[in-house]
Amino acid sequence: MLIRALQYVQSASSSRSFSSNALVEAIKHVEIGILSGNYQEHIHRRGFSSPCAGNMCTVAFISTSTKKGLTTSAFEAFSKLEIFGDSKEGNGSCTIQEKDYLRESQNSKAGLYILDLIDQGSIKPGYTLYNKLLKKCTQLGKLREGRMVHEHFLKSKLNFDLFTLNTIINMYTKCGNLDDAKKIFDEMPCRDMVTWTALITGYSQNGRPEEALALFPQMIKVGLEPNQFTFASLLKASGSAATDKPGRQVHGFVVKCGYSSDVYVASSLVDTYARFDRIKEAQLVFDRMLRKNEVSWNALIAFYARKGEGGDALKMFWRMQSEGFKPTHFTYASVFKACASTESLEQGKWVHAHMLKSGGKLIAFAGNTLLDMYAKAGSIEDARKIFDRLENRDVVSWNSMLTGFAQHGQAREAAERFEEMLKIGVLPNFITFLCVLTACSHGGLVNEGLYYYELMKKYNVEPHVDHYVTKVDLLGRAGLLNEAVDVIKEMPIEPTSAIWGALLSACSMHKNTELGIFAGERCIELNPTDSGPHMILSNIYASVGRLSDVARVRKRMREIGLKKEPGISWVKTGNTDHVFVANDDAHPLNVEIRKMWGKVSEKIKQAGYVPDTSHVLVFTDQQEREARLQVHRS
DNA sequence: GTAGGGTTAG
């Protein structure tokens with residue numbers, strides 16, 4: 001009977017004429033037969049075409065077993081239920097009919113079938129049931145369903161229960177609804193340490209560190225002592241505070257309350273100190289840890305990666321393993337970033353191989369950084385390969401791929417990928433638009449860029465000042481200087497130095513002296529410490545022979561204490577880095593290199609390169625002017 | 001019932 005019923009569901013779900021009615025019929029059959037055998041095993045052995053079919057049976061199973069009073073079996077099945085929302089819809093493993101079924105069941109709260117059963121009187125609810133339901137909603141991040149359970153609990157005849165309310169607060173914070181969590185917190189007649197910790201954690205995990213930290217003194221005031229959970233969250237919040245002061249204060253309490261040797265608390269301390277560049281303190285806490293784990297190492301490795309200290313990051317990566325710790329996705333993500341920032345592709349390849357060898361899957365978490373590493377190191381082909389091989393792709397994977405194309409001047413590719421991501425339903429964020437706009441700007445795709453800019457509205461992405469900078473850059477590079485000025489005039493926020501900087505570069509490129517001077521002066525007013533705009537402005541003055549203005553700009557730079565950073569080039573051959581600094585003839589093969597450069601430079605000229613020497617005024621001799629442009633000189 | 005570590009742009 002059971003087998004026949006399962007066959008019925010299976011064939012119904014794979015048949016073209018499958019409909020909701022057929023499903024209801026099928027479920028009835030399953031309901032009749034399901035208790036006569038081992039349900040889970042049968043589901044497993046039948047090997048359903050998709051998890052949705054299994055879900056349909058699970059719903060039937062819950063219904064049948066609760067009717068028979070087998071609540072434990074119902075709970076067990078419920079914990080495996082994946083019918084909440086659309087988790088399976090997203091990866092395309094559903095048939096169209098199954099999608100309809102999922103949608104229907106959502107509307108008729110089939111995901112919370114069990115609540116209907118309570119209303120019908122088939123099942124008597126208790127705190128345990130509500131807590132299980134809330135936990136499930138929390139795990140799946142289902143706010144709507146969680147709220148339904150919360151409301152159902154309020155309507156029940158059950159008394160106030162601290163444990164359940166803490167669970168509800170946690171459900172709201174994990175689903176990102178801090179306002180409701182705070183409301184419940186405020187209305188509670190009594191709170192314990194878990195209540196406070198749940199709210200502190202909520203603020204800390206949702207990027208509201210100030211509010212998390214503000215709760216700490218209040219908690220102390222009512223006489224509750226924080227535990228290791230509280231401290232871990234407080235330290236995370238301290239890590240994104242404006243100064244290191246909160247972190248130090250919390251550290252004091254950690255010592256006072258005796259949690260210094262807790263591995264969660266100590267790892268958080270390492271991370272917090274590292275975020276304020278207090279590497280000595282971070283290292284000290286780390287060294288004194290009696291027990292370490294992967295997270296302790298990752299906190300330190302992430303610090304070196306952020307600082308661009310690739311060598312140190314790699315050293316720690318090998319050391320953690322020699323001390324018996326296995327790298328995690330966090331570790332790989334940091335190490336790849338470290339390799340990307342030091343452009344040590346060879347080392348990065350080693351670590352990549354290491355990850356493959358240790359059986360690590362290529363998931364977006366670490367894969368995104370690996371993709372970025374290859375793109376930054378110059379191998380767009382490898383970056384693309386990584387993208388194709390990713391087990392899962394999130395918006396960052398797409399952004400990184402777009403950036404890769406933009407960095408390699410492949411604007412068309414970037415635009416195509418962008419269209420593709422929209423087509424398959426990946427929601428672009430503000431960074432996505434920056435990536436695709438930058439690609440268009442660098443590739444001269446003005447119309448496409450303007451179109452994508454307008455598209456931001458459709459995706460509810462509010463233009464940030466950086467988007468305006470990119471738009472000015474897009475128009476400016478293409479020589480549409482008046483249009484670029486219109487953007488600046490019409491933007492709803494005050495132009496920043498970056499905005500004027502973009503216009504300045506465009507004017508320099510297209511030789512609009514008057515506008516360039518205006519933009520340059522505005523840019524320098526707003527950010528006097530960047531040497532770049534001073535140099536461009538000076539060059540613009542030079543190009544029209546306004547030598548006294550050149551002198552004035554140079555004098556102003558000296559007064560501010562600015563020096564133009566010398567131009568530096570690197571060439572890597574084998575394991576040796578050859579560094580060339582402006583005005584530096586120190587390389588042992590200097591003579592040979594210059595001879596070779598002469599030949600290359602001749603070829604470039606033959607290919608049609610015309611050096612722009614207009615701003616190199618100090619030398620009257622044309623040959624000397626050209627030479628100034630071709631090698632590093634100040 | 002409450003906890004810590006990662007990535008994309010500029």
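Residues numbered from 1 in each chain as written. Chains lettered and ligands numbered in written order. Predicted model: local features only at pLDDT ≥ 70, side-chain atom pairs only at ≥ 80, totals over all residues. Heavy atoms only, no water.

1. Notes on the environment of Asn 460
Along the chain, Asn 460 turns up in the loop between helix H27 (446-458) and helix H28 (465-477). Under the relative-accessibility criterion, Asn 460 is labelled exposed at 72%. When the C-alpha positions of Asn 460 and Asn 429 are compared, they lie 8.9 Å apart, and in sequence the two are 31 residues distant. (Helix = DSSP H or I, 4+ residues; strand = E, 2+ residues; numbered from the N terminus. Buried < 20%, exposed > 50% of the residue type's maximum accessible area, 1.4 Å probe, protein only.)

2. Things to note about the layout of surface pockets
Any space left empty among the atoms is revealed by the rolling of a water-sized probe across them. There is about 1,200 Å³ of room inside the largest pocket. Lining the largest pocket we find 40 residues, and of these Gln 205, Ala 232, Lys 236, Tyr 264 and Ser 268 sit closest to its centre. Secondary structure elements with two or more residues in the lining of the largest pocket: helix H10 (162-174), helix H12 (193-205), helix H14 (228-239), helix H16 (263-275), helix H18 (294-306) and helix H20 (329-341). In terms of residue count, the dominant contributor to the lining of the largest pocket is H14 (eight residues). Here the residues of the lining of the largest pocket are counted per class, giving 17 nonpolar, 17 polar and six charged. (1 Å grid on protein atoms, 1.4 Å probe; cavity = no way out; pocket = protein on both sides within 12 Å on 5 of 7 lines; lining within 4 Å. Points joined across faces, edges and corners; volume = space filled by probe spheres on them. Nonpolar A, V, L, I, M, F, W, Y, C, P; charged D, E, K, R; others polar.)

3. What to know about the protein's contact with DNA strand B
As a matter of local geometry, DNA strand B sits amid 51 residues, with Asn 166, Lys 174, Asn 298, Phe 365 and Asn 399 nearest to it. Backbone sugar and phosphate groups make up 42% of those atoms of DNA strand B lying within 4 Å of the protein. Contact between DNA strand B and Asn 293: a base nitrogen at 3.0 Å from a side-chain N or O atom of the residue. (Near = heavy atom within 4 Å. Polar contact = N/O pair within 3.5 Å; in protein donor to acceptor, adjacent residues only side chain to side chain.)

4. Some thoughts on the packing of aromatic side chains
Summed over the entire model, instances satisfying the criterion amount to 20 aromatic pairs. With centroids separated by 5.6 Å and ring planes inclined at 55 degrees, the aromatic side chains of Tyr 451 and Tyr 452 adopt a geometry described as tilted. Of the residues examined, Tyr 451 reaches a relative accessible area of 48% and is grouped as partly exposed. Of the aromatic side chains, those joined through ring pairs into one cluster are Phe 418, Phe 433, Tyr 451, Tyr 452 and Tyr 459. It is Arg 191 that lies over the ring of Phe 185; its NZ or CZ is 4.5 Å from the centre. A cation sits over an aromatic face here: Lys 292 above Phe 286, 4.8 Å from the ring centre. (Phe/Tyr/Trp six-rings, centres within 6.5 Å; stacked < 30°, edge-to-face > 60°. Lys NZ or Arg CZ within 6 Å of the ring centre and 35° of its normal.)

5. Some points on the packing of helix H9 (residues 143-155) against H10
Running from N to C, H9 and H10 cross one another at 160 degrees; their axes reach a closest spacing of 10 Å. As summarised for this structure, H9 and H10 are arranged roughly antiparallel, according to the angle between their axes. In this structure, H9 crosses over H10, and the sense of that crossing is left-handed. On the side of H9, the interface is formed by Leu 143, Gly 146, Arg 147, His 150 and Phe 153, while H10 contributes Thr 164, Ile 168, Met 171 and Tyr 172. The residue makeup of the contact of H9 with H10, split by class, is five nonpolar, three polar and one charged. (Axes fitted to C-alpha atoms, helices over the stretch in contact; angles between N-to-C directions. Parallel < 35°, antiparallel > 145°, perpendicular 65-115°, else oblique. Left-handed = near helix turned anticlockwise from the far one by under 90°. Contact = heavy atoms within 4.5 Å.)

6. With respect to empty space enclosed by the protein
Counting across every chain of the model gives one cavity of 30 Å³ or more. Reported here for the largest cavity is a volume of approximately 30 Å³. Looking at the largest cavity, the residues that line it are Leu 235, Asp 244, Gly 247, Arg 248, Leu 269, Thr 272, Tyr 273 and Phe 276. Secondary structure elements with two or more residues in the lining of the largest cavity: helix H15 (245-257) and H16. Looking at which element gives the most residues to the lining of the largest cavity, the answer is H16, with three residues. Counted by class, the lining of the largest cavity contains four nonpolar, two polar and two charged residues.

7. Quick word on the pattern of salt bridges
Tallied over the full model, the rule gives 25 salt bridges. Linking Asp 244 and Arg 248 is a salt bridge whose minimum nitrogen-to-oxygen distance equals 3.0 Å. Ionic pairing is found between Lys 385 and Asp 382, a salt bridge with its closest N-O pair at 3.9 Å. Of the two residues, Lys 385 and Asp 382 are both situated in helix H23 (residues 380-389); the distance of three residues between them amounts to about one turn of the helix. Note on Lys 385: relative accessible area 42%, which makes it partly exposed. One network of salt bridges, in which partners are shared, links Glu 521, Arg 546, Asp 549, Arg 552 and Arg 556. (Salt bridge = Lys/Arg side-chain N within 4 Å of Asp/Glu carboxyl O.)

8. Points about the state of the cysteines
Tallying each qualifying case throughout the model produces zero disulfides. With no disulfide of its own, Cys 507 has Cys 523 as its nearest cysteine by sulfur position, at a separation of 11 Å. (Disulfide = S-S within 2.5 Å.)

9. Description of helix H33 (residues 547-560)
In this model, H33 (14 residues) spans 20 Å end to end at C-alpha, consistent with the 20 Å of a helix rising 1.5 Å per residue. For H33, the set of buried residues is Asp 549, Val 550, Val 553 and Met 557. Looking down the long axis of H33, one finds its buried residues gathered within 110 degrees of arc, a one-sided arrangement. Exposed side chains of H33 directed beyond 90 degrees from the buried face belong to Leu 547, Ser 548, Arg 558 and Glu 559. Of the surrounding elements, those touching the buried residues of H33 are helix H32 (531-543). Immediately downstream of H33, the backbone of Gly 561 shows phi near 90 degrees, a positive value. (Expected span 1.5 Å × (residues − 1). Arc of directions from axis to C-beta.)

10. So, the confidence of the model for chain A
For chain A, the average pLDDT comes to 84, and 75% of its residues sit at 70 or higher. Across residues 13-24 the pLDDT falls below 50, and counting only partners more than four positions away or on other chains, this stretch makes 14 contacts in the model. Contacts for the low-pLDDT stretch residues 82-95, under 50 throughout, to residues beyond four places or in other chains number 38 contacts. (pLDDT = per-residue confidence, 0-100.)

11. A closer look at the nonpolar core
Phe 418 and Leu 503 are the most contacted members of the largest nonpolar core, which has 142 residues in total. Those residues within four positions of Phe 418 in sequence are excluded, and the remaining contacts are Leu 402, Pro 428, Thr 432, Phe 433, Val 436, Tyr 452 and Leu 455. (Core = buried A, V, L, I, M, F, W, Y, C linked by side-chain atoms within 4.5 Å.)

12. Digging into the packing of H27 against H28
Contact geometry for H27 and H28: axes closest at 10 Å, N-to-C directions at 160 degrees. Between H27 and H28, the angle falls in the class roughly antiparallel. In the crossing of H27 with H28, the sense of the turn from one axis to the other is left-handed. Judged by residue contacts, Val 446, Gly 449, Leu 450, Tyr 453 and Met 456 of H27 engage His 467, Tyr 468, Lys 471, Leu 474 and Leu 475 from H28. In the contact of H27 with H28, the residues fall into seven nonpolar, two polar and one charged.

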